[in-house]
Amino acid sequence: MEIDSAISNKIFETIFNSKNILIISHRNSDPDCLGSNLALRHVFKRAGVNITSACIDLIPDNYKFFTELNKFVNDINPADYDLFISLDCGSPDQAGFPLKYPEMTKMQTPWINIDHHPSNSGYGTINLVDDKAAATVLILYALFQKWGVAVTPYLATCLLFGLYFDTGSFMHSSTDAEVLKAAADLLAKGANHKLIVQKLFKNRTVEQLKIWGKALSNVRITENNVIVTGIMENDFRDCNATCSDLSGIIDYLSSVKGVQFATILSHDPDGNVRGSLRTRRDDVNVSEIAGTFGGGGHKKASGFTLKGRLRKKTYWSITSD
């Protein structure tokens, strides 16, 4: 991946000339946004830069084998910072905090926007958006190479964490020679691949299994071959589960033979309905579908959030004995 030297230098200089930096991971955090945050935090804290990492949602416990994630904050005072950096956030809304503090988007505070979502509008004062990149961590990997950063085993693990997740364990169509070359280099530099696999895929809880069971029992296939399921508020309560416990099931549903795409609808704690969409087909663009609901993402993986509640519809039929 080639990054323009002017953009690379501007990002580097802006960070080093700032005194109090806020690095933001998106709502409903995942390993790409968290790995990116941890990586950038690690590089510049080593250089003595004052950094606060933030995510408006609680971070799933199974990601907290990175102890630095315990230092993330979930509330801020925007006036405390002289630089905002959003990572893997397709829009200010995805960053979460501008919804709570609308003044953030009107302040004169510089905003660095680093992302790989095609729906990204370039909302930052400095934008590094590459929709051909398989993950935001891959953009940071290229930036660090440009800056001559020495990649430690910890830094390599942060980057591989995001890359492994966003490529679906290297099974998604975004996995190309560049991805595998970067992964090989990170492994050579000491990335803990076994730990990542164990924590992401071999660390299920009973609560996760129960909520997956609810989701699978609610599955319907529409007349247009779309596989859909919904998770109600009481489903989470009954299973003692959270939204993060649904992670991974959308990819499982999208692998069903013959479906156009998969959709999961669920409640979040803030009174919203979250929609997650995935497809394995080249002729379906779920980003366009999510866009009709104010969301976005990638052609094959997107989502949206709407105010409202889900209501379950029941069908009755009468048969004669």
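Preceding this paragraph is the structure being described.
Residues numbered from 1 in each chain as written. Predicted model: local features only at pLDDT ≥ 70, side-chain atom pairs only at ≥ 80, totals over all residues. Heavy atoms only, no water.

## Here we look at the overall build of the chain
To be explicit about the condition: Numbering of helices and strands runs from the N terminus, with a helix taken as a DSSP run of H or I at least four residues long and a strand as a DSSP run of E at least two residues long. Atoms considered for the radius of gyration are the C-alpha atoms alone. The globule rule reads 2.2 Å times the number of residues to the power 0.38. Burial status follows relative accessibility: with a 1.4 Å probe on protein chains alone, a residue under 20% of its type maximum counts as buried, one over 50% as exposed, and anything between as partly exposed. Between two residues, a contact is recorded if the distance between any of their heavy atoms is within 4.5 Å. Note on areas: these come from Shrake-Rupley sampling with a 1.4 Å probe, and a residue is covered only by the protein chains present in the view. Charge convention: Lys and Arg are scored as positive, Asp and Glu as negative, and His as well as the terminal groups of each chain are ignored. The atoms used to mark charge sites are NZ of Lys, CZ of Arg, CG of Asp and CD of Glu.
Per the secondary structure count, the chain includes 12 helices and 11 strands. For 321 residues, the compact-globule estimate of 2.2 N^0.38 gives 20 Å, and the chain sits close to it at 20 Å. Reported as C-alpha extents along the three principal axes, the dimensions of the chain are approximately 80 × 45 × 35 Å. Per-residue burial for the chain yields a buried fraction of 50% across its 321 residues. Expressed as a percentage of contacts within the chain between residues at least 6 apart in sequence, the contacts between residues at least 24 apart total 66%. When the accessible surface of the chain is summed, it comes to about 15900 Å², and 51% of that surface belongs to carbon and sulfur atoms. Separation between the mean location of the 34 positive side-chain charges and that of the 34 negative ones in the chain comes to 4 Å.

## Digging into the packing of aromatic side chains
Note the cut-off: Any Phe, Tyr or Trp ring, taking Trp's six-membered ring, that has another such ring centre within 6.5 Å forms a pair; planes under 30 degrees apart are called stacked, those over 60 apart edge-to-face, and the others tilted.
Summed over the entire model, instances satisfying the criterion amount to 17 aromatic pairs. Taking the centre distance of 5.7 Å and the plane angle of 80 degrees together, the rings of Tyr63 and Phe161 count as edge-to-face. Placement of Tyr63 in the loop between β2 (51-54) and β3 (83-87) and of Phe161 in helix α6 (residues 153-166) is noted, with a sequence separation of 98 residues between them. In terms of burial, Tyr63 and Phe161 fall into one category: buried. Taking 4.6 Å as the distance between ring centres and 35 degrees as the angle between the ring planes, the aromatic pair formed by Phe65 and Phe66 counts as tilted. For Phe66, a relative accessible area of 4% corresponds to the buried category. An aromatic cluster is built from Phe12, Phe16, Phe44, Phe144 and Trp147, whose rings are joined through pairwise contacts.

## Some thoughts on the nonpolar core
Quick note on the threshold: Remark: nonpolar core denotes a set of buried residues (Ala, Val, Leu, Ile, Met, Phe, Trp, Tyr, Cys) joined through side-chain atoms within 4.5 Å.
Of all hydrophobic cores here, the largest spans 58 residues; its most connected members are Ile11, Ile15, Ile85, Ile114, Phe144 and Leu159. Among the elements that make up this core, the one with the highest residue count is helix α5 (residues 136-147) (nine residues). Counting residues in hydrophobic clusters, the runner-up holds 16 residues, among them Ile211, Ala241, Val259 and Ala262.

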